[in-house]
Amino acid sequence: MPICPYFDHNKKFCDVGEDYISPYDVVAMSHFCSSRYLECDKFDDLATSHPEVLEKFAGRTGSTKKSIPLTSPAPEIRPHVNHTPIKIKFSNKWPLSQRLKDVTSSYRCNKLNSDLAEESDSLVAELPTRERTIMQPQKIKHRGLQVVLAGTGINLALGILYTWSIFKGAIADSIAAGGEGAFSWNAASINDPYAVACLAFAAAMIIAGKFQDKFGPKATCAIGGLLVGAGFVWISQTTNYWAWVAGFGMLAGTGIGFGYSAATPPALKWFSPAKTGLIAGIVVSGFGLASVYIAPLAKYLLATVGLQQSMMYFGIAFAIVVSGLGMLISNPPEGYVADSDAKQMETKTVSTVPDLKPSQLFTNAKFYTLWLCFFIGSGAGLMVIGSAKGLAKASMGEMAFLVVVIMSVGNAAGRLIAGVVSDKIGRATTLCIMLAFQACLMFAAIPILGGKGSSPILVALLVTVMVFNYGTNLSLFPSFAKDSWGMKHFGMNYGLLFSAWGIGAFVLVRVSEMLKVKTGSMDSSFIVAGVLLLVGAMMAMTLRTQKATATVTETEEVFIEEEDLILQQVQD
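For every chain, the first residue of the written sequence is number 1, and numbering continues from 1 onward in sequence order. Residue-level local features of this predicted model are given only where pLDDT is at least 70; pairs of side-chain atoms are given and counted only at 80 or more, and the full residue set underlies all totals for whole chains, interfaces and linings. Hydrogens are left out, water is left out, and the side-chain values use all remaining heavy atoms of the structure.

Asks: Please give an account of the overall build of the protein that cites residues and values.
Replies: Each helix and strand counted, the protein has 22 helices and 2 strands in total. Partly exposed residues are those whose accessible area sits between 20% and 50% of the maximum for their type, while under 20% is buried and over 50% is exposed, using a 1.4 Å probe and protein chains only. For the protein, with 572 residues in total, the buried portion stands at 45%. Residue contacts are counted whenever heavy atoms from the two residues lie within 4.5 Å of one another. Of all intrachain contacts in the protein linking residues separated by at least 6 positions in sequence, the fraction that spans at least 24 positions is 84%. Accessible area of the protein: about 29,700 Å², with a carbon and sulfur share of 63%. A run of H or I in DSSP counts as a helix once it spans at least four residues, and a run of E counts as a strand once it spans at least two, with each numbered from the N terminus. Throughout, the Shrake-Rupley method with a 1.4 Å probe supplies accessible areas, and for residues the shown protein chains are the sole cover considered.

Pasting the structure below:
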């Protein structure tokens, strides 16, 4: 029986019978390849493109070329012939091992394709929801850094509060010079706008915290920027005492509170609890670092355009900066969990932190301890900051404004370093060390700042370290609030705690100024502050209690050998 010359010759000619033999191959071999290859659809094309194969075939079989025409004759059409495709039911089967291999591979392939299809369908169907709840790691990282940088920039503008000592000096000079258009305030009340601003700042933090939790940080920042701008523009038009108390104290102070409350909480929400101190330190360091550029800028403007015109420039600029940067701040989407790349299959110790409501804080003893420590630490530091230029003027003369600049570096460094250190050794330990060290500095300030021949470098160093210690408060207490009462109501909870900052500033700054007017020096103020700081350090020690922890053990998958499983079943 003649066989097709192209069959089993080379795969590039005809693939029938090569590799896996399909039912189609079986039909082709039984009907065409063995005897009727001239009727095959492929034969004419192969004979035309590869005639050398036919020549070899003819020589091997002893036939002539004519015995194998290059083109197949037209088939004779017979009416009774059925030309429908032949369907063959095969009874033979592949070996069992081959069939099992084929079945399992097909199952795995179908399962993989099914899973991929389901995942693709779910991604397409749930895309809006997933965008709100889950973000890509790279996008999360960039978004979190954007919020941190924007918050730091806002605080760099709002930190003008810490340059009050420069404005205070200009007001005091105007009172001393007298004349038309000069300030005619009582000398003991020069610090009142600053003290009221601190009080309004703290009070606004409560309202702004609630506002931020409900409406988001963008609207909160916009309100803060507009209030600061309005307050500064108002005081640029008058020298009236009550106008300055209302403009700088109430309006600007409230605006600073709104802007400040919208910067730190969103930034903390984007990062894991292990970075709480670091992130809080970075964001609030902008507030302390502001004097680095505001102090020399204010000095220049005061010398060229005067105090009131300077207030106009500052008001317009800060309204634009705070409102603009506020548009870059946002809370993470609902359901967002920081540090999602952490290892899941390991044993962890998780500290359970309840999300306390603001009303529950008043029944929490820890809240009152933290409030009093914050009151003492912030009040003592602000007492020095508000009089920094005056404290250094005796030894540094006209260059005393540089102390404000150097002091701001210490202020920012204290916030950043305390945040990092507290992440390592604990918040309570860091707070206790800070308050005790600040008390020592207050007592050391009596001979150093009270002496007439004090070294300018020593004075600048002392004031800088004192403000460094003060700066630690502003990164420790937001971290305390997050660690103790959760993030759900963080804005308002921290606002309530921050009221200690404003009240401490108002009370201790006012008392310090009254003692200075009565005694002619800051010695009495330093003694009072030092004693209070020692009391605060002892209270901070009570916070060093061991927190109850819930140990959550996540089990790993264990693969058991088949022999071990059989042995275990036999033993049972």
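Further notes follow.
Asks: Tell me about the packing of helix α8 (residues 192–215) against helix α20 (residues 490–519), and name the residues and values.
Replies: Running from N to C, α8 and α20 cross one another at 175°; their axes reach a closest spacing of 7 Å. What the angle tells us is that α8 and α20 run roughly antiparallel. Think of it as three bins: nonpolar holds Ala, Val, Leu, Ile, Met, Phe, Trp, Tyr, Cys and Pro, charged holds Asp, Glu, Lys and Arg, and polar takes everything else, Gly as well. Grouping the amino acids of the contact of α8 with α20 by side-chain chemistry returns 19 nonpolar, 5 polar and 4 charged. To define axes, lines are fitted to C-alpha atoms, for helices over the stretch in contact only, and angles between the resulting N-to-C directions are given on a 0 to 180 degree scale. Any angle that falls under 35 degrees is termed roughly parallel, while one over 145 is termed roughly antiparallel, one within 65 to 115 roughly perpendicular, and all others oblique.

Asks: Tell me what's going on with the environment of Ile-175, and back it up with residues and numbers.
Replies: Looking at the element boundaries, Ile-175 is found in helix α7 (residues 164–177). Taking the relative accessible area as the measure of exposure, Ile-175 reaches 25% and is therefore partly exposed. Sequence separation of Ile-175 and Ile-190 is 15 residues, and the distance between their C-alpha atoms is 9.8 Å. Every residue in contact with Ile-175, bar those within four places of it in the chain, is listed here: Phe-183, Trp-185 and Ile-190.

Asks: For the environment of Ser-184, give the residues involved together with the corresponding values.
Replies: Its place among the elements puts Ser-184 in the loop between α7 and α8. Taking the C-alpha atoms as reference, Ser-184 lies 8.0 Å from Thr-239; in sequence the two are 55 residues apart.

Asks: Before we move on, can you summarise the packing of α8 against helix α10 (residues 241–261) with the specific residues and values?
Replies: Between α8 and α10, the shortest axis-to-axis distance is 6 Å and the interhelical angle comes to 35°. The handedness of the crossing between α8 and α10 comes out as right-handed. When its residues are assigned to classes, the contact of α8 with α10 shows 19 nonpolar, 7 polar and 1 charged. Handedness of a crossing is defined here by the sense of rotation of the near helix relative to the far one, left-handed for an anticlockwise turn of less than a right angle and right-handed for a clockwise turn.

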